[in-house]
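Residue strings, one per chain:
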Amino acid sequence: MKLRINKLGMMLLLAFAPWAAQAKLNVVATTPDFGSIAREIGGDKTDVNMLARPTEDPHFVDAKPSFIVKLNRADAVVEGGAELEIGWLPRLLDDARNTKLESGAPGHIACNQGIQLMDVPTTLDRSKGDIHASGNPHFMTDPANARIVAQHLAEAFIALDPKSADTYQANLKKFTGELDAKMEEWQKLLAPYKGQQIVAYHDAWPYFARRFGLTIDLFLEPKPGIPPTPAHLAEVIMKMKADKIHVIIVDPYQNRKTAETVARNTGATVVDVTQFPGGVKGTEGGYIQMMDYLVNAVAKALAQKP
Amino acid sequence: MAPTDAGFPEKNVMKFSKLMGWSSAFCLGATLLQAQETNEVEQLKQQLKEATANFDRVIKEQRQIIDSLNHRLDVVQAAMTNLPASAPPVTAEQEQKNRAAAEEKAKLEQQLAAELGTNVAPSMATPAVPLAPAWTPAQPMTVARAGSSYMNISFDTLMVVGSSTAHDPSAQLELGDHDPIKRGFSLRNAEIAVDGAVDPYFKGFGNIVLKLDQNNQTSIELEEAYMVTTALPGNLQVKAGQFFANFGRQNSQHPHTWAFVDDPIILTREFGPDGLRSVAAQVSYLLPLPFYTEAFLGILDGQGGTSFSFRNPGDPDSQGVNRFHGRMTIDRVLEGPQDLVYVPRLASSFELTDQQTLVVGASGAFGPNDTGPHSRTEIYGVDMYWKWKSAHANEGFPFVSWQTEGLFSRFGAAADPTATVPGPLPAENLHDWGMYSQVLWGFKPHWVAGLRGEYADGDTGAFDANDVFRGQRTRISPGLTWFPSEFSKIRLQYNYDHGEFFGDQHSVWMQFEFLLGAHGAHKF
């Protein structure tokens, strides 16, 4: 009994031992899209860790114990706030026992703030598939939303670390400047294809479609979260033939074989896309490079005549 | 650059209402100015006439726009449904076309099934509903959604159908309380789970389980009801209430997260049909190490059937005397802190590679038992869980996981000189040990194949031949699970059982699960 008490006492001492003074703001981002913008804004004043890998399905990330440790030591967590991470993040935050990351605390940064989510269901009904109750959470494919997130992150970082405010402001200015210049370029690139249709594997592209005037409303999944079935794919193929749709986009974690089968039957092109920097080769450089890749890849595919 | 795309139809509305506002202001102004000079009146009259004419013209224009939009909408809708706007009767030619299209679709479906190596799924797979219908004002308004309610609430049901060579599978083979209890159908777990934030300091969880017995009578139990602190300093967390003890991996998991239909043999032997749970308090501490290491200490009240190897009165014999491992039990009352059950645990986790995670743990449970005034029980366990998941995982697939637990116990059984089955029982230490090891392979999205092997044994005790919880047993269970979605599953499992006291037995079980509502996220 005595031994146990001694051990417990030692543990308590360790727990209250002050940490080595940490100069940098320790930020954990749930997904690499938020993480990459956090890095742009935080610059050398922050350490940004990311939980989900860019190549994996962000809906189904394992709540690994190592994430608990990362969150336990973080000054801030950056998450989507739109239920994309609902299957794994809440439990991790409970176990992390870090009051800085509490919902409502300055260290809990929900990126959906200030963003109008699309496709908010009016009724909740899972017979329609695994729909997100607060709207479609894949909002970062619209650079206008990335701009809002960057602004929000800069404000949040300044609130947490006022002494580096100038750096965050300067980084924000640099990032939005680059983004604005690129935005014009991207819109010009896709302008000739206004109204054209694209097929996607999962309904994750409404923001991209709206921004660039494309139509992405035909999916290889019959319903969100339900794997493609031959019957549904047959319908998709017939619709693609009827409407002369010749581009299919596939994320790195989705079944490319399914998309290729549909492509073979329609003469369409399969384009590898990603919503996360690093998800496909040539997007490792961050959000702007990823959007650049996306716009160019889609424009190139649309330019090809079927 | 802010998203203003939705502003298009609004612009016309704005123009129109502005005009309305301006013209009404104009009218009001004209009335007030009546007493002014006549030439001014004439002037105003003229202006009013012009404004009215202008107003009428705009109305007429808007009406024309509305008519033309209505017309276009009709045409587009008609085109979408493949029917002319005025819907004339379907011609023979049209019908033939439709049939040809249907045939082409069926052919294509068969071809795709062959190419993708899948079966043509039944009707469920062909929703004729349009994809993502647009919102219209006629749709009902949202009443409740996540984040607008103070708690998650879910209802989860597990049902099993199957058969066994054993006449009564619950007698010797399936000893867990949520396991199938008979040939045919059993429903042993319908749980209502709630969770949410209590206030800024606590989270609360509740689990109420309903079960149907052999005679279809419903029994209800408060499986879990506890609160957890959220704001303690020093990496500490305290849990209090009724909950599953944090011993090993599976003891604290709810049946719907298990990889097999039934509870591992060694767990039912050490912790009884219900698992080790009690009214208790637990403190846990996340160690300041570069890798995950957490230390737990649970302090359990430890009385009753859910503290199986501890202060458990056991079951009544034919004379109505409560017995456990053959011994008459006494109703031990708490004499001091030494009569509580202590459950320490240490767990660590390592990222072996980017795709591989390992969790290892060691646990213990120490406390008194009810066979005598000074008799005590010790249980020790080690556990490990390894998982590989593809870097390109789609909905979490493919993956391979391997879980193993090993347990060892010493049950200090007191003497019972009055026992008649099989005769007077001596004081003896009953040693039990066992393990299970299971591998799961999520080979494609929504499909998991599993294999579990189990072994349990103990030293020989005086009462063993009559004790379903002792004696040597082995079990091999292959299984296949299909998850139509995240919220349902269908599982087929075969059990080969071999036991010292019942020989070879074979069972086949099929399990169904459905989950309604919002359910809290699960642990790794």
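A quick note: this is a predicted structure, and the numbers were derived from the prediction, not measured. (Residues numbered from 1 in each chain as written. Chains lettered and ligands numbered in written order. Predicted model: local features only at pLDDT ≥ 70, side-chain atom pairs only at ≥ 80, totals over all residues. Heavy atoms only, no water.)

A.B. asks: It is not clear to me how the domain arrangement of chain A should be interpreted in this structure. Could you clarify?
C.D. replies: A common way to state how big an interface is: give the accessible area lost once the parts meet. All names here are of chain A. What the domain assignment reports for chain A is domain 1 (21-115 + 128-182) and domain 2 (192-303). The centre of domain 1, based on its C-alpha atoms, is set 26 Å off from the matching centre of domain 2. Facing the 30 residues of domain 1 at the interface are 26 residues of domain 2. Together, the buried faces of domain 1 and domain 2 total about 2,300 Å²; carbon and sulfur atoms form 63% of this surface. Considering only the surface of domain 1 that becomes buried against domain 2, Asn136, His138 and Thr141 emerge as the three largest contributors, covering 24% of it. One can count three salt bridges joining domain 1 with domain 2. The salt bridge involving aspartate 292 is made with lysine 182; its shortest N-O contact spans 3.2 Å. At the boundary of domain 1 and domain 2, one finds seven residue pairs in polar contact (both at pLDDT 80 or more). Elements that contribute at least two residues to the side of domain 1 that touches domain 2 include exactly α2 (32-42), α5 (143-160) and α6 (165-190). Class assignment for the residues of the side of domain 1 that touches domain 2 results in 12 nonpolar, nine polar and nine charged. (Domains from an automatic or database assignment. Contact = heavy atoms within 4.5 Å. Buried area = accessible area lost by both parts, 1.4 Å probe. Salt bridge = Lys/Arg side-chain N within 4 Å of Asp/Glu carboxyl O. Polar contact = N/O pair within 3.5 Å; in protein donor to acceptor, adjacent residues only side chain to side chain. Helix = DSSP H or I, 4+ residues; strand = E, 2+ residues; numbered from the N terminus. Nonpolar A, V, L, I, M, F, W, Y, C, P; charged D, E, K, R; others polar.)

A.B. asks: How should I be thinking about the interface of chain A and chain B in this particular structure?
C.D. replies: Contact residues are listed per partner, giving 75 residues for chain A and 76 residues for chain B. Together, the buried faces of chain A and chain B total about 6,500 Å²; carbon and sulfur atoms form 59% of this surface. The interface formed by chain A and chain B includes six salt bridges. Where Glu56(A) meets Lys389(B), a salt bridge forms, and the shortest distance between an N and an O atom there is 3.4 Å.

A.B. asks: Hey, could you run me through the sheet that holds strand β4 (residues 108-110) of chain A in this one?
C.D. replies: Sheets are built from strands paired through backbone hydrogen bonds, the pairs being either parallel or antiparallel. Residue and element names in this part refer to chain A. The four strands are arranged β2-β1-β3-β4 in an open sheet whose pairing can be described as parallel. At either end of the open sheet lies a strand with only one pairing partner, and these are β2 (46-50) and β4. With direction set aside, neighbouring strand axes in the sheet form an average angle of 20°. Taken together, the three bridges between strand β3 (residues 76-79) and β4 define a ladder with parallel strand orientation. Its bridge partner being in β4, valine 78 is matched across the sheet by isoleucine 109. (Pairing = 2+ DSSP bridges. Axes fitted to C-alpha atoms, helices over the stretch in contact; angles between N-to-C directions.)

A.B. asks: It is not clear to me how the packing of α2(A) against α5(A) should be interpreted in this structure. Could you clarify?
C.D. replies: Axis angle and axis distance: for two packed helices, these are the angle between their axes and the distance between the axes, and together they describe the pair. All names here are of chain A. The interhelical angle for the contact between α2 and α5, taken along N-to-C directions, is 55°, at an axis separation of 9 Å. With respect to α5, the element α2 is oriented oblique. Crossing hand, α2 versus α5: right-handed. Residue-level inspection shows Phe34, Ile37, Ala38, Ile41 and Gly42 of α2 in contact with α5, the latter providing Ala146, Ala150, Leu153, Ala154 and Phe157. The residue makeup of the contact of α2 with α5, split by class, is nine nonpolar, one polar and no charged. (Parallel < 35°, antiparallel > 145°, perpendicular 65-115°, else oblique. Left-handed = near helix turned anticlockwise from the far one by under 90°.)

A.B. asks: What is the right way to look at a nonpolar patch on the surface in this model?
C.D. replies: Residues and elements named next belong to chain B. Nonpolar side chains collect at one region of the surface, where Tyr150, Met151, Ile153, Ile192, Ile208, Ile220 and Leu222 lie side by side and expose about 740 Å² of accessible area between them. Considering the arrangement of structural elements, one finds isoleucine 208 in strand β3 (residues 202-212). Given a relative accessible area of 33%, isoleucine 208 falls into the partly exposed group. (Patch = residues over 30% accessible without salt bridge, like charges linked within 9 Å, V, L, I, M, F, W, Y side chains within 5 Å. Areas by Shrake-Rupley, 256 points an atom, 1.4 Å probe, with all protein chains shown as cover. Buried < 20%, exposed > 50% of the residue type's maximum accessible area, 1.4 Å probe, protein only.)

A.B. asks: Would you mind showing me how to read the sheet that holds strand β6 (residues 215-219) of chain A here?
C.D. replies: All names here are of chain A. The sheet built from four strands is open, its strands ordered β6-β5-β7-β8 with parallel pairing. Looking along the sheet, the strands with just one partner apiece sit at the ends: β6 and β8 (269-272). Strand-to-strand twist in this sheet, taken as the mean axis angle between neighbours without regard to direction, amounts to 35°. As paired elements, strand β5 (residues 197-200) and β6 share three bridges and run parallel to each other. Across the sheet, glutamine 197 pairs through a bridge with threonine 215, a residue of β6. Those strands touched by helix α8 (residues 230-243) are β5, β6 and β7 (247-250), and its axis lies near 145° from that of β6.

A.B. asks: Got a minute to help me understand empty space enclosed by the protein in this structure?
C.D. replies: Which parts of space are left empty comes out when a probe the size of a water molecule is rolled across the atoms. Residues and elements named next belong to chain A. The tally for this structure, following the rule as stated, stands at nine cavities of 30 Å³ or more. Here the largest cavity is characterised by a volume of approximately 140 Å³. Around the largest cavity sit 14 residues that line it, and Asp57, His59, His202, Glu221 and Gly225 are the ones nearest its centre. Broken down by class, the residue content of the lining of the largest cavity amounts to four nonpolar, six polar and four charged. (1 Å grid on protein atoms, 1.4 Å probe; cavity = no way out; pocket = protein on both sides within 12 Å on 5 of 7 lines; lining within 4 Å. Points joined across faces, edges and corners; volume = space filled by probe spheres on them.)

A.B. asks: Please clarify how the pattern of salt bridges should be interpreted in this entry.
C.D. replies: Any two side chains of opposite charge can pair, on the condition that their charged atoms come close. Overall, the coordinates contain 42 salt bridges over all chains when judged by the stated rule. The shortest N-O distance in the salt bridge between Arg256(A) and Glu260(A) comes to 2.4 Å. Of this pair, Arg256(A) and Glu260(A) are both found in helix α9 (residues 256-266), four residues apart, which corresponds to roughly one turn of the helix. Note that Arg345(B) and Asp383(B) form a salt bridge whose closest N and O atoms lie 2.7 Å from each other. Here Arg345(B) is found in strand β11 (residues 341-351), whereas its partner Asp383(B) is found in strand β13 (residues 376-394), with 38 residues between them in sequence. Take Arg345(B) and Asp383(B): they sit in the same class, and that class is buried.

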